[in-house]
Amino acid sequence: MTTSRQSTGPVGAAEFAHALGALTPAPRLAVAFSGGPDSLALLFLAARWARARKRVRLIALTVDHGLRPGSASEARLAARMAAALGVPHRILKWKGEKPKSGIQAAARAARYRLLAEACRKEGVGDLLVAHHLDDQAETFLLRLARGSGVDGLAAMAPSRWLEVVPPLSTPLRLLRPLLDFPRARLVATLEKAGLEAIHDPSNENERFDRVKARRLLGELGTLGLDAHRLADTAAHMARVRTALEADTRAFLAAHARMAPEGFIAIAPESFGLAADEIALRALAEILKAVSGSDYPPRFEALRTLFDALKAGKLGHGRTLHGCKLSLDRGLVVAVREPAAALAAPAIELRRGQERAWDGRFVVKLAAGPAGAIRLGALGAEGLVRLKKSGLPMPEAPRAALLALPALWKEGTLLGAPHIGFPGKGVRAEARLLKGRLLDSP
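Residues numbered from 1 in each chain as written. Predicted model: local features only at pLDDT ≥ 70, side-chain atom pairs only at ≥ 80, totals over all residues. Heavy atoms only, no water.

### Points about the sheet that holds strand β18 (residues 427-432)
Line of reasoning, step 1. Ordered in space as β13-β14-β18, the three strands form an open sheet in which the pairing is antiparallel. One side of each edge strand has no neighbouring strand; the edge strands of this open sheet are β13 (354-357) and β18. Going from strand to strand, the sheet's axes swing by 25° on average, the running direction of each strand aside.
Line of reasoning, step 2. Examined bridge by bridge, strand β14 (residues 361-367) and β18 share six bridges and lie antiparallel to one another. Residue pairing in the sheet places K364 in a bridge with E429 of β18. (Pairing = 2+ DSSP bridges. Helix = DSSP H or I, 4+ residues; strand = E, 2+ residues; numbered from the N terminus. Axes fitted to C-alpha atoms, helices over the stretch in contact; angles between N-to-C directions.)

As structure tokens, then:
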């Protein structure tokens, strides 16, 4: 039987049904739809699939980042394209001030946040995206050029839980049903259906690394390193990553303790009880969880800290990734650096709202004064005020207390959810945003 990779023709209805069915899709689905060739092919295939199933509901979601002229008109065109396929559609606008640097990363984060929020409002369980076989191979090449290890080279998974801040009340999965189909087959699908997509000129601009990788793939094919072979290698790496993550999760569950105040304690000898790869991964997860970062520190710096831990050379403590590690009563304690927490942008919080702060805590204000309250770090000034109030302090390092979330209004401390609220009529709660592999006891 011809496989999805061997064929060069359009993607058939049965093929797509098999690929999507293998991911056990929810009855309510959304398609991230830009109007480009890949997402249009996905929307066409998903719409045809949904029409054959009575209980399935499908919606198309287009994000207008507002970063270039014409984005609004392209979003409206995408809406008309979805309507022609009989699919309900929503335009999601990225509002507010845009960052002056790191715009691509910020736009990506905003895109997934908007898509996730729209899915929650629509009762959607799975979000479909149009990444395909060539995307997988291009991603592998780009990460190989950056010196990525196993995790990076594992590239994209067919299914994963989408992590958003603040987290959704119900989990949302990201599904990639086209990962086994090459780009040429999606183009053939559009041609047969008589559909014309929106073309983004940046997809041909060789200033972008992904376009360079796309061109390089054609040359590597003469050596047998075509998209299929590179995607297979990425799949091998993904299996290795899954095994390593399982071992890391077991190590952390056995040896690390994450306190409600956001610090982590672990016996220093624990790092010698596992293979270096597992112990290094565990240390990276500890730093991610304590710092609130989505990404680990650079490997060279991580390795230096790890070697110091194993050699018992922490001294008066070491800092990395916005965290400080030091010895306390025979344990290595990792806390958020107070200076880093104080530098985290304060955000506004109103009654009934739930907001994430510093990538570490989600704070919900159940009751409080009218208007906005500022959510930021407690700091030394706040800690002094709370101690004067006579409230009992939790058993935690002083640095961890300084980095706790606190509520302020016009220079007045209303309190900290972990400690209590001296102000009347104020009720709030805070919960941890834990690392992906780190589970609290």
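### Considerations on the pattern of salt bridges
Line of reasoning, step 1. Throughout the structure, instances matching the rule amount to 21 salt bridges.
Line of reasoning, step 2. Residue E15 is joined to R185 by a salt bridge in which the shortest nitrogen-to-oxygen separation is 2.8 Å. You can see E15 sitting in helix α1 (residues 13-21) and its partner R185 sitting in helix α7 (residues 183-193), a full 170 residues away along the chain.
Line of reasoning, step 3. Through salt bridges with shared partners, a single ionic network connects D134, D135, E138 and R183. (Salt bridge = Lys/Arg side-chain N within 4 Å of Asp/Glu carboxyl O.)

### A short note on the nonpolar core
Line of reasoning, step 1. L283, L325 and L407 are the most contacted members of the largest nonpolar core, which totals 58 residues.
Line of reasoning, step 2. Per element, the largest residue contribution to this core is ten residues, and it comes from helix α10 (residues 276-291).
Line of reasoning, step 3. The contacts of L283, once residues within four sequence positions are left out, are F271, L302, L305, F306, L309 and L325.
Line of reasoning, step 4. In terms of nonpolar packing, the next biggest core, distinct from the first, is built from 35 residues, F33, F44, L85 and L186 among them. (Core = buried A, V, L, I, M, F, W, Y, C linked by side-chain atoms within 4.5 Å. Buried < 20%, exposed > 50% of the residue type's maximum accessible area, 1.4 Å probe, protein only. Contact = heavy atoms within 4.5 Å.)

### Here we look at the environment of T24
Line of reasoning, step 1. Mapping T24 onto the fold places it in the loop between α1 and β1 (28-32).
Line of reasoning, step 2. In this structure, the C-alpha to C-alpha distance between T24 and T170, residues 146 residues apart in sequence, is 17 Å.

### So, the sheet that holds strand β3 (residues 89-93)
Line of reasoning, step 1. One open sheet accounts for six strands, arranged β3-β2-β1-β4-β6-β5; its pairing is mixed. Each edge of the sheet is formed by a strand with only one pairing partner; in this case those strands are β3 and β5 (159-161). The mean angle between the axes of side-by-side strands here comes to 30°, regardless of whether they run parallel or antiparallel.
Line of reasoning, step 2. Where strand β2 (residues 57-64) meets β3, five bridges bridge the pair, whose relative direction is parallel. Its bridge partner being in β3, L61 is matched across the sheet by R90.

### Regarding unusual backbone geometry
Line of reasoning, step 1. One non-glycine residue, T24, adopts positive backbone phi at about 45°.
Line of reasoning, step 2. Positive phi values are uncommon outside glycine, yet E410 reaches one of about 50°.
Line of reasoning, step 3. On the secondary structure map, E410 appears in the loop between β16 (405-409) and β17 (412-415).
Line of reasoning, step 4. Of the residues examined, E410 reaches a relative accessible area of 77% and is grouped as exposed.

### A word on the packing of aromatic side chains
Line of reasoning, step 1. For the structure on display, the rule yields two aromatic pairs.
Line of reasoning, step 2. Relative to F271, the ring of F251 has its centre 6.4 Å away and its plane inclined at 45°; by these criteria the two rings are tilted. One end of the pair, F251, is in helix α9 (residues 227-255); the other, F271, is in the loop between β8 (264-266) and α10, with 20 residues separating them in the sequence.
Line of reasoning, step 3. When its relative accessible area of 6% is taken as the criterion, F251 is described as buried.
Line of reasoning, step 4. For the ring pair F271 and F306, a centre distance of 6.4 Å and an interplane angle of 85° mean the geometry is edge-to-face. Here F271 is found in the loop between β8 and α10, whereas its partner F306 is found in helix α11 (residues 299-310), with 35 residues between them in sequence. (Phe/Tyr/Trp six-rings, centres within 6.5 Å; stacked < 30°, edge-to-face > 60°.)

### A word on helix α2 (residues 37-51)
Line of reasoning, step 1. Compared with an ideal rise of 1.5 Å per residue, which puts 15 residues at 21 Å, α2 spans 21 Å between its outermost C-alpha atoms and is within 8% of the ideal.
Line of reasoning, step 2. Summarising burial for α2: eleven of the 15 residues are buried, a large majority.
Line of reasoning, step 3. Those residues of α2 that sit buried are S39, L40, A41, L42, L43, F44, L45, A46, A47, W49 and A50.
Line of reasoning, step 4. The inward-facing, buried residues of α2 abut α1, β1, β2, α3 (71-84), β4 (126-128) and α7. (Expected span 1.5 Å × (residues − 1).)

### Structural notes on the packing of helix α5 (residues 133-145) against helix α8 (residues 209-220)
Line of reasoning, step 1. Interhelical geometry of α5 versus α8 gives an angle of 105° and a closest axis separation of 9 Å. With respect to each other, α5 and α8 are oriented roughly perpendicular. For the pair α5 and α8, the contacting residues are D134, D135, A137, E138, T139, L141 and L142 in the first and D209, R210, A213, R214, L216, L217 and L220 in the second.
Line of reasoning, step 2. Each residue belonging to the contact of α5 with α8 can be placed in one class, and the counts come to seven nonpolar, one polar and six charged. (Parallel < 35°, antiparallel > 145°, perpendicular 65-115°, else oblique. Nonpolar A, V, L, I, M, F, W, Y, C, P; charged D, E, K, R; others polar.)

### Regarding the packing of α1 against α2
Line of reasoning, step 1. Look at α1 against α2: their axes get within 10 Å of each other, and the N-to-C directions meet at 90°. Taken together, the axes of α1 and α2 are roughly perpendicular relative to one another. Where α1 abuts α2, its residues A13, F16, A17 and L20 lie against L42, L45, A46, R48 and W49.
Line of reasoning, step 2. Partitioning the contact of α1 with α2 into residue classes produces eight nonpolar, no polar and one charged.

### Focus on the side chain of R185
Line of reasoning, step 1. Using a relative accessible area of 1% as the deciding quantity, one classes R185 as buried.
Line of reasoning, step 2. Polar side-chain contacts of R185 include one of 2.8 Å to the side chain of E15. (Polar contact = N/O pair within 3.5 Å; in protein donor to acceptor, adjacent residues only side chain to side chain.)

### Let's talk about a positive patch on the surface
Line of reasoning, step 1. Residues R76, R80, K93 and K95 make up a contiguous surface patch of positive charge.
Line of reasoning, step 2. Position of K95 among the secondary structure elements: in the loop between β3 and α4 (103-122).
Line of reasoning, step 3. Among the residues examined, K95 registers a relative accessible area of 69% and is labelled exposed. (Patch = residues over 30% accessible without salt bridge, like charges linked within 9 Å, V, L, I, M, F, W, Y side chains within 5 Å. Areas by Shrake-Rupley, 256 points an atom, 1.4 Å probe, with all protein chains shown as cover. Lys, Arg positive; Asp, Glu negative; His and termini not counted. Charge placed at Lys NZ, Arg CZ, Asp CG, Glu CD.)

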